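# Structure assessment
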Amino acid sequence: MSSITLQAVAKRFGDAVAVDGVSLEVAQGEFVSLLGPSGCGKTTTLRMIAGFIAPSAGDIRFDTQSVVGLPPYRRNIGMVFQSLALFPHMSVFDNVAYGLRLRRVTGGELAERVQRMLDLVQLGAFAWRMPDELSGGQRQRVAFARALAIDPKILLLDEPFAALDRKLREEMQVELRRLHERLRITTVFVTHDQREAFTLSDRIAVINHGRIEQVGTPFDVYYRPATRFIADFVGVANLLPARIESGPQASDGQATVVLKGEGVTLQVPLAGREPPPGEGYLFIRPEFVLLDAQAQDDGAALTATVTLVRFVGEQLETRLETRGGNRLVATYQGAEAPAVETGQSVRVRLAARHASLLT
Amino acid sequence: MQTGNWGPGWLRRTLLAYPGAMLGVLFLLPLLSLVVFSFYTHVSGGGLYQARFTWANYAKALEPFYLLRLWFTVWFSALTAAICLVLAVPFTYVVTHLRSRALRRWIMGLTVSTLWLTTVVRAFGWSVLFSRTSGIGKLFAVLGLTAVPQSYAPGFMATLVGMAYIYFPFMVLSLFAAMREMNPELEEASMILGATRARTFFHIVLPLTRRAMATGSVFVFLLSVGTFIIPDVLGSPAQWNTSVLITNAVAYNSNIPFGSALAVVMAVAVGVPLLAMAWFMRRRRR
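Residues numbered from 1 in each chain as written. Chains lettered and ligands numbered in written order. Predicted model: local features only at pLDDT ≥ 70, side-chain atom pairs only at ≥ 80, totals over all residues. Heavy atoms only, no water.

## What to know about the overall build of chain B
Here is the rule: Going along the chain from the N terminus, every DSSP run of H or I of four or more residues is numbered as a helix, and every run of E of two or more is numbered as a strand. The contact rule is simple, with two residues in contact once any of their heavy atoms fall within 4.5 Å. Residue exposure ignores everything except the shown protein chains as possible cover, and the areas themselves are Shrake-Rupley values with a 1.4 Å probe. Counting rule applied: Lys, Arg positive; Asp, Glu negative; His and chain ends not counted. Lysine's charge is taken at NZ, arginine's at CZ, aspartate's at CG and glutamate's at CD.
On a plain count of helices and strands, chain B comes out with 13 helices and two strands. Principal-axis analysis of the C-alpha atoms places the extent of chain B at approximately 75 × 75 × 35 Å. Nonlocal contacts in chain B, meaning residues at least 24 apart in sequence, comprise 64% of its contacts between residues at least 6 apart. For chain B, the accessible area works out to roughly 16,600 Å², and carbon and sulfur atoms hold 71% of it. Where the 22 positive side-chain charges of chain B centre and where its 6 negative ones centre are 5 Å apart.

Right, dumping it as structure tokens:
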């Protein structure tokens with residue numbers, strides 16, 4: 001296993017800047033996701049780690065050694081591609097054996113190591129099938145077996161589940177998580193799907209416009225996003241324009257926040273990276289927006305009109321428009337949902353201890 | 001999308017008559033008349049032919065001289081296809097792997113645009129280049145390869161170069177689509193697993209473009225068999241293929257029945273092995 005260090009890595013294609021000074025450390029055995037919208041530079045970053053393209057600036061190191069200029073075939077990386085890229089003219093066995101044969105593994109040892117890999121992904125009986133005789137999930141596993149067969153120091157995954165339907169995709173995610181817990185191989189995973197990143201990652205690096213906007217645990221990124229972009233990208237975000245007043249309470253670790261146009265003042269806990277007093281936004285996830293039909297007008301509850309009630313499976317989603325003209329989304333576990341209907345006026349409480357402040 | 005639902009039955013049947021008619025008019029009828037004419041009797045002295053059955057045309061077409069020319073036609077065309085293949089595979093590989101789209105388009109455009117000048121013009125162009133007083137002969141003499149400028153046309157080398165030059169674009173076109181459509185991640189997968197570019201080329205790119213290489217080769221082979229312009233312009237009688245002999249029989253000796261018999265013999269000699277090859281390749285894919 002190796003650690004990976006990206007130091008101010010940049011990539012320009014002509015005038016276009018694809019990656020704009022990315023610095024990131026991936027520890028030995030860690031699973032880090034690069035999460036961002038399409039075209040944000042996450043795949044370009046991965047391809048620079050793989051060695052398919054050279055950075056225009058900056059340094060990439062595996063452990064302490066710079067790999068800039070080292071061709072991909074000398075980096076000892078396992079990689080699973082978006083298209084899987086199984087060699088269609090080779091059997092499952094030959095696909096998995098490809099990298100081993102290039103490392104001069106032959107005969108009994110080759111057969112044994114290929115078989116061990118196929119057993120690992122539960123395809124032991126499929127060695128002599130051709131790729132087009134396999135199901136989507138089986139092909140996926142062959143791709144992982146092929147990548148892992150060479151005992152790579154690093155595993156790179158480029159949206160490997162993109163081609164699968166949702167159910168199979170979730171199964172594969174669980175399997176990958178188990179595999180990683182067992183092998184503890186340093187892994188960089190590229191995805192635009194935040195749920196996928198949450199399930200799999202130790203840490204997530206959110207990338208936008210070629211820059212990392214935040215690196216943190218899935219929990220951090222979801223509940224304590226560093227920017228409004230992240231708040232919005234990794235889930236449904238309620239963002240309310242607010243005036244941040246560090247009142248007398250600031251010393252007890254809380255900021256006083258006035259929601260504009262709502263006549264509501266809240267105490268929001270400080271986590272240390274809040275914007276300074278002034279104009280900003282209050283951010284809160286829909287699961288902490290509470291509908292309360294009976295609430296009194298006590299200066300802490302907002303008044304809003306229900307604009308839509310929508311059942312989305314495991315949750316009931318309510319859309320609201322507040323008196324101050326803000327739009328809110330509130331979600332509940334289906335069974336606990338208060339009975340409200342479109343057009344109804346309701347009181348809304350924000351669970352302020354789960355809120356945070358953004359510029 | 002639903003298919004077969006775009007019109008009433010009678011309309012579909014009527015439209016089907018179009019490809020049927022084209023096939024009949026353009027392929028079956030000429031082939032049939034060719035076979036019929038090959039059994040007619042030639043009338044010497046400008047009378048062309050008589051509708052009287054004879055084996056004489058085939059007896060002559062199967063004489064050792066003509067069989068030898070047929071053998072030459074086959075191996076010379078195969079050699080042309082092989083040379084085109086060997087030149088076009090790396091050429092197309094490099095062009096399809098160019099980063100610059102503009103450059104790729106320019107190169108492909110220039111390659112295809114050579115087809116714009118007719119074969120006759122290009123063949124005469126080469127005959128000038130290969131002559132003693134200009135171009136290649138002088139160049140070789142200046143480089144010291146030959147003592148004095150030599151003439152290479154008409155001759156074997158001139159004919160072979162001319163053929164390869166004329167049919168090279170056809171081979172490139174056959175390969176281009178296959179190499180262009182190949183998933184680039186396949187080559188990347190090979191390289192990340194430890195294969196150099198060269199190894200990747202031989203283990204991944206070549207096997208996956210095998211079918212296009214076969215198609216292109218058959219294509220060029222058949223075009224070479226059928227050409228009479230290049231051997232006629234750039235070759236001496238030793239490089240004449242059966243197509244030249246057919247042209248001579250029909251155009252210069254007005255002997256349509258004999259020309260037809262030669263054509264039928266050539267079609268069988270070339271077609272039977274090709275069909276066998278196609279059948280063999282199909283079976284192996286199963």
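So much for the structure itself; the text now carries on.
## A short note on the overall build of chain A
Inclusion rule: Relative accessibility decides the category of a residue: with a 1.4 Å probe and only protein chains considered, values under 20% of the type maximum give buried, values over 50% give exposed, and everything between is partly exposed.
Secondary structure assignment for chain A yields eight helices and 20 strands. When its C-alpha atoms are laid out on the principal axes, chain A stretches across 80 × 45 × 40 Å. By the burial criterion, 52% of the 359 residues in chain A qualify as buried. Long-range pairs, those at least 24 residues apart, make up 66% of the contacts in chain A between residues at least 6 apart in sequence. Summed over its atoms, the accessible surface of chain A is roughly 16,100 Å², and 48% of this surface lies on carbon and sulfur atoms. For chain A, the separation between the mean place of its 40 positive charges and that of its 40 negative charges on side chains is 5 Å.

## Concerning the side chain of asparagine 241 of chain B
Residue and element names in this part refer to chain B. For the record, the criterion: In the analysis that follows, any N or O atom pair within 3.5 Å is treated as a polar contact, provided that within protein one partner can donate a hydrogen and the other can accept it, and provided that, for residues neighboring in sequence, both atoms belong to side chains.
With respect to the helices, strands and loops of the structure, asparagine 241 is situated in the loop between α11 (229-234) and α12 (242-252). Classification of asparagine 241 by relative accessible area gives buried; the value is 3%. One polar contact links the side chain of asparagine 241 to the main-chain carbonyl oxygen of threonine 227, over a distance of 3.0 Å. When neighbours within four sequence positions are excluded, asparagine 241 is seen to be in contact with Phe72, Thr73, Ser224, Val225, Thr227 and Pro231.

## Observations concerning the pairing of strand β9 (residues 203-208) of chain A
Residue and element names in this part refer to chain A. Note the following rule: Being paired, for any two strands, means DSSP has found at least two bridges between them.
Taken across its six residues, β9 has five buried, putting it largely inside the fold. Pairing analysis gives four bridges linking strand β3 (residues 31-35) to β9, with the strands arranged parallel. Among the inter-strand pairings, valine 32 is bridged to a residue of β9, identified as arginine 203. Looking at chain direction, β9 and strand β10 (residues 211-216) are connected through five bridges and run antiparallel. Opposite valine 206, over in β10, you have glutamine 214 as the bridge partner. Where β9 folds back onto β10 in an antiparallel hairpin, the turn is made up of two residues, including histidine 209, whose phi is positive at roughly 50°.

## A closer look at the packing of aromatic side chains
All names here are of chain B. Put simply, the rule is: Whether two aromatic rings pair depends on their centres lying within 6.5 Å, for rings of Phe, Tyr and Trp, where Trp uses its six-membered ring; planes under 30 degrees apart make the pair stacked, over 60 edge-to-face, and the rest tilted.
Going through the model one piece at a time under the given rule, you end up with 32 aromatic pairs over all chains. With centroids separated by 5.4 Å and ring planes inclined at 90°, the aromatic side chains of phenylalanine 39 and tryptophan 55 adopt a geometry described as edge-to-face. With phenylalanine 39 in the loop between α1 (9-37) and β1 (41-43) and tryptophan 55 in the loop between β2 (48-50) and α2 (56-61), this pair connects stretches of sequence that are 16 residues apart. Between phenylalanine 65 and tyrosine 66, the aromatic rings sit 5.0 Å apart at their centres with planes inclined by 80°, giving edge-to-face as the arrangement. A relative accessible area of 15% places tyrosine 66 in the buried class.

## Re the sheet that holds strand β8 (residues 186-191) of chain A
Strand pairing in a sheet is mediated by backbone hydrogen bonds. Such pairs are either parallel or antiparallel. Residues and elements named next belong to chain A. Rules: Each axis is a line fitted through C-alpha atoms, taken for helices only over the stretch in contact, and angles between the N-to-C directions span 0 to 180 degrees.
In spatial order, the strands read β6-β7-β8-β3-β9-β10; together these six strands make up an open sheet with mixed pairing. Two strands in the sheet have a free side with no partner beyond their single neighbour: β6 (77-80) and β10. In this sheet, neighbouring strand axes are inclined to one another by 20° on average, regardless of whether the strands run parallel or antiparallel. Each of β6 and β7 (154-158) is contacted by helix α4 (residues 136-149), which is oriented at about 170° to β6, the strand it contacts most.

## A word on helix α4 (residues 101-113) of chain B
Residue and element names in this part refer to chain B. Definition in use: Take the number of residues in a helix, subtract one, and multiply by 1.5 Å to get its expected span. Arc definition: it is the arc formed by the directions from the helix axis to the C-beta atoms.
Taking 1.5 Å of rise per residue, 13 residues should cover 18 Å, and α4 covers 18 Å from first to last C-alpha, within 8% of that figure. Along α4, the residues that are buried comprise Arg104, Met108 and Thr111. Buried residues of α4, seen end-on, are gathered within an arc of 60° and therefore sit on one face of the element. Residues Arg105, Trp106 and Leu110 are exposed on α4 and point more than 90 degrees away from its buried face. Along its buried surface, α4 packs onto α3 (64-96) and α7 (156-181). For α4, the N-terminal capping position is held by serine 100, with its side-chain oxygen 3.4 Å away from the main-chain nitrogen of alanine 102.

## As for the interface of chain A and chain B
It is common to give the size of an interface as the accessible area that goes away when the parts come together. Inclusion rule: Computed with a 1.4 Å rolling probe, the buried area is the accessible surface lost when two parts are put together, summed over both parts. Each reported salt bridge corresponds to a side-chain nitrogen of Lys or Arg within 4 Å of a carboxyl oxygen of Asp or Glu.
Counting residues at the interface gives 25 residues for chain A and 19 residues for chain B. Of all residues in chain A, the largest losses of buried area upon contact with chain B belong to Tyr73, Tyr98 and Leu102 of chain A, amounting jointly to 31% of the total for that side. Salt-bridge contacts for glutamate 188 of chain B lead to arginine 47 of chain A; the nearest nitrogen and oxygen are separated by 2.9 Å. Remark: the boundary between chain A and chain B carries seven residue pairs in polar contact (both at pLDDT 80 or more).

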